[in-house]
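These are the residues of each chain, in order.
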Amino acid sequence: MNASVSAPAVRHDWSRQEILNLLALPFNDLLFQAQTVHRAHFNPNEVQVSTLCSIKTGACPEDCAYCPQSARYDTGLEKEKLMAVEKVIEEARAAKANGASRFCMGAAWRSPRGKDMPYVTKMVSEVKSLGLETCMTLGMLDENQARELADAGLDYYNHNLDTSPEYYGEIITTRTYQDRLDTLANVRSAGMKVCCGGIVGMGEEAGDRAGLLQQLANMPEHPESVPINMLVRVEGTPLEQEADLDPLDFIRTIAVARIIMPQSHVRLSAGREEMSDEMQAMAFFAGANSIFYGEKLLTTANPEANKDMQLFARLGIKPEERHVHGDDDAVEADIAASIEAAHNDKFFYNAAQ
Ligand code: SF4
């Protein structure tokens, strides 16, 4: 954090119009404001890195119009059973060896069933014992399930609002906006950190993007992590033919999220793989400071796999240090080595040298 830049107050009373006004600022003014707020709260050259692991893929009963995991759409996705605990630990070890500081486990469920809970809580405690932060996304949680996960040591729970309350019915009909808010409240009262954001480019208006941001920013506590996803149009889903969103509107959404939730990590999330390096760089400038590693990074020596680290090296960005019990130093050393390896990769052409 740069102490020379004064930190504006954290607010929870944003009106829709105020947020729309921010979204409509001249682009340079908006980015300047976002970067100024960002510098008041964070090191602008650090990005937090998480690794995502799908512990149960496909066959979800919900009807989220963007999602290839819904059983209602024929997307050719192979459905899988809940991954064995040992396999999850193996993946978490590999993620750690590649420098991730947080391991996120996702299951395509409406909500976890009673018989699933012993497995998922075991995953949490085992992954945590490796010295990684833990995050899960398992669908809706009642109070007891939230408490069980918190007791197992789960640090973060991800549950997105997806879009504005007004547009929500166009995207999902099998659970209500209020169901989502209830789950988020259960997560909070169990003492876990919240990861909550949404998706843009689903045919919504700027007013809906403002509506989503308003919901997030007016929560009694801002989510610690705010993923802003760009729709990935998957064949077979109802949104496969959705029109392109102007990429600058995506950057505007990131910038406004940064301004109105100044202490949250804003995550550049789904859709990142389809973005150019320049667009990702602009998103970091607008205040995004968290990413998921590409899955391919878990396999070694592939130049594609090093793409994220190469981009970090070109931008002078370092992965953010996390203070997790366990050997942080080893994680930092691993990640520094990954950046060094990216520099040395014969496929890495650094035009700045
Ligand atoms: S609940 Fe999650 S996994 Fe299921 S369809 Fe919706 S987004 Fe996909």
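See the structure printed just above.
Values in this document were obtained by computation on a predicted structure and should not be read as measured data.

**Q** Would you take a moment to explain helix 4 (residues 117-129) for this structure?
**A** Side chains that are three or four residues apart share a direction in an α-helix, a result of its 3.6 residues per turn. Given a rise of 1.5 Å per residue, 13 residues ought to cover 18 Å, and the 18 Å separating the end C-alpha atoms of helix 4 matches this to within 8%. Of the residues making up helix 4, those classed as buried are Met117, Val120, Thr121, Met123, Val124, Val127 and Lys128. For helix 4, the angular spread of buried residues about the axis comes to 150°, placing them on one side. Along its buried surface, helix 4 packs onto strand 1 (46-56), helix 3 (85-97), strand 2 (102-107), strand 3 (133-137) and helix 5 (143-152). In the segment just after helix 4, Gly131 is the residue with positive phi, at about 90°.

**Q** In this structure, what is going on with the packing of helix 2 (residues 27-41) against helix 9 (residues 277-285)? I would like to understand it.
**A** Geometrically, a packed helix pair is captured by the angle between its two axes and the distance between the axes. For the pair helix 2 and helix 9, interaxial distance at closest approach is 9 Å and the crossing angle is 60°. What the angle tells us is that helix 2 and helix 9 run oblique. Contacts between helix 2 and helix 9 involve Phe27, Leu31 and Gln35 on the former and, on the latter, Met282, Phe284 and Phe285.

**Q** In this structure, what is going on with the pairing of strand 2? I would like to understand it.
**A** Remember that side chains alternate between the two faces of the sheet whenever the strand is regular. The buried fraction of strand 2 is high, at six of six residues. Of the two faces of strand 2, the one lined by Arg102, Cys104 and Gly106 and the one lined by Phe103, Met105 and Ala107 are each fully buried. As paired strands, strand 1 and strand 2 are joined by six bridges and run parallel to one another. Note that in strand 2 the partner of Lys56 across the bridge is Ala107.

**Q** It is not clear to me how the pairing of strand 7 (residues 225-230) should be interpreted in this structure. Could you clarify?
**A** Of all six residues making up strand 7, six are buried, and the element is well covered by its neighbours. Residue alternation in strand 7 divides its side chains into two sets, Ser225, Pro227 and Asn229 and Val226, Ile228 and Met230, and both sets are buried. By the bridge criterion, three bridges tie strand 6 (residues 198-200) to strand 7 in an arrangement that is parallel. Its bridge partner being in strand 7, Ile199 is matched across the sheet by Asn229. The parallel pair strand 6 and strand 7, bridged by helix 7 (residues 206-217), forms a crossover whose chirality is right-handed. In the sheet, strand 7 pairs with strand 8 (residues 265-268) via four bridges, with the strands oriented parallel. Across the sheet, Val226 pairs through a bridge with Val266, a residue of strand 8. For the crossover that starts at strand 7, traverses helix 8 (residues 247-260) and ends in the parallel strand 8, the hand is right-handed.

**Q** It is not clear to me how the pattern of salt bridges should be interpreted in this structure. Could you clarify?
**A** As a working rule, side chains carrying opposite charge can pair if their charged atoms are close by. Tallied over the entire structure, the rule returns 20 salt bridges. Between Arg110 and Glu62 there is a salt bridge whose closest N-O contact spans 3.0 Å. Taken together, the residues Arg110 in the loop between strand 2 and helix 4 and Glu62 in the loop between strand 1 and helix 3 connect sequence positions 48 residues apart. Note on Arg110: relative accessible area 33%, which makes it partly exposed. On the basis of relative accessibility, which here comes to 3%, the residue Glu62 falls in the buried class. Between Arg233 and Asp244 there is a salt bridge, with its nearest N and O atoms 2.8 Å apart. In this pair, Arg233 is assigned in the loop between strand 7 and helix 8 and Asp244 in the loop between strand 7 and helix 8, connecting sequence segments eleven residues apart. A cluster of three or more residues bridged by salt bridges with shared partners is formed by Arg11, Asp13 and Glu18.

**Q** Would you mind showing me how to read the packing of helix 2 against helix 8 here?
**A** Put simply, helix 2 and helix 8 touch, their axes get as near as 9 Å, and they point 35° apart. In this structure, helix 2 meets helix 8 at a crossing whose hand is left-handed. Of helix 8, the residues touching helix 2 (which contributes Phe27, Leu30, Leu31, Gln33, Ala34, Val37 and His38) are Leu248, Ile251, Arg252, Ala255, Val256, Arg258 and Ile259. In the contact of helix 2 with helix 8, the residues fall into ten nonpolar, two polar and two charged.

**Q** Can you walk me through the environment of Phe250 in this structure?
**A** Relative to the helices and strands, Phe250 is located in helix 8. Residues Phe250 and Ala283 lie 33 residues apart in sequence; the distance between their C-alpha atoms is 8.5 Å. Once residues lying within four places of it in the same chain are set aside, the contact partners of Phe250 are Val200, Ile228, Asn229, Met230, Leu245, Leu268, Met275 and Met279.

**Q** What exactly am I supposed to notice about the environment of Gly211 here?
**A** Looking at the secondary structure, you find Gly211 in helix 7. Sequence-wise, Gly211 and Leu20 are 191 residues apart; in three dimensions their C-alpha atoms are separated by 8.9 Å. What Gly211 contacts, discounting residues up to four positions off in sequence, is Arg16, Ser164 and Pro165.

**Q** Honestly, helix 1 (residues 16-23) in this entry has me stumped. Any pointers?
**A** Buried within helix 1 we find Ile19, Leu22 and Leu23. The buried residues of helix 1 occupy one face: seen down the axis, they fall within an arc of 100°. For helix 1, the secondary structure elements touched by its buried residues are helix 2, helix 7 and helix 8.

**Q** I would appreciate a short explanation of the nonpolar core in the present structure.
**A** The tendency in soluble globular proteins is for nonpolar side chains to be buried as a group. Counting residues in hydrophobic clusters, the biggest one holds 93 residues, and the most contacted among them are Ile55, Met136, Leu149, Phe250 and Ile260. Here this core takes eight residues from helix 8, the largest share from any one element. When residues no more than four places from it in sequence are discounted, the contact partners of Leu149 are Met117, Val120, Thr121, Val124, Met136, Leu138, Leu141, Leu154, Tyr157 and Met192.

Conventions used here
Residues numbered from 1 in each chain as written. Predicted model: local features only at pLDDT ≥ 70, side-chain atom pairs only at ≥ 80, totals over all residues. Heavy atoms only, no water. Helix = DSSP H or I, 4+ residues; strand = E, 2+ residues; numbered from the N terminus. Expected span 1.5 Å × (residues − 1). Buried < 20%, exposed > 50% of the residue type's maximum accessible area, 1.4 Å probe, protein only. Arc of directions from axis to C-beta. Contact = heavy atoms within 4.5 Å. Axes fitted to C-alpha atoms, helices over the stretch in contact; angles between N-to-C directions. Parallel < 35°, antiparallel > 145°, perpendicular 65-115°, else oblique. Pairing = 2+ DSSP bridges. Right-handed = clockwise from strand over helix to strand, strands pointing away. Salt bridge = Lys/Arg side-chain N within 4 Å of Asp/Glu carboxyl O. Left-handed = near helix turned anticlockwise from the far one by under 90°. Nonpolar A, V, L, I, M, F, W, Y, C, P; charged D, E, K, R; others polar. Core = buried A, V, L, I, M, F, W, Y, C linked by side-chain atoms within 4.5 Å.

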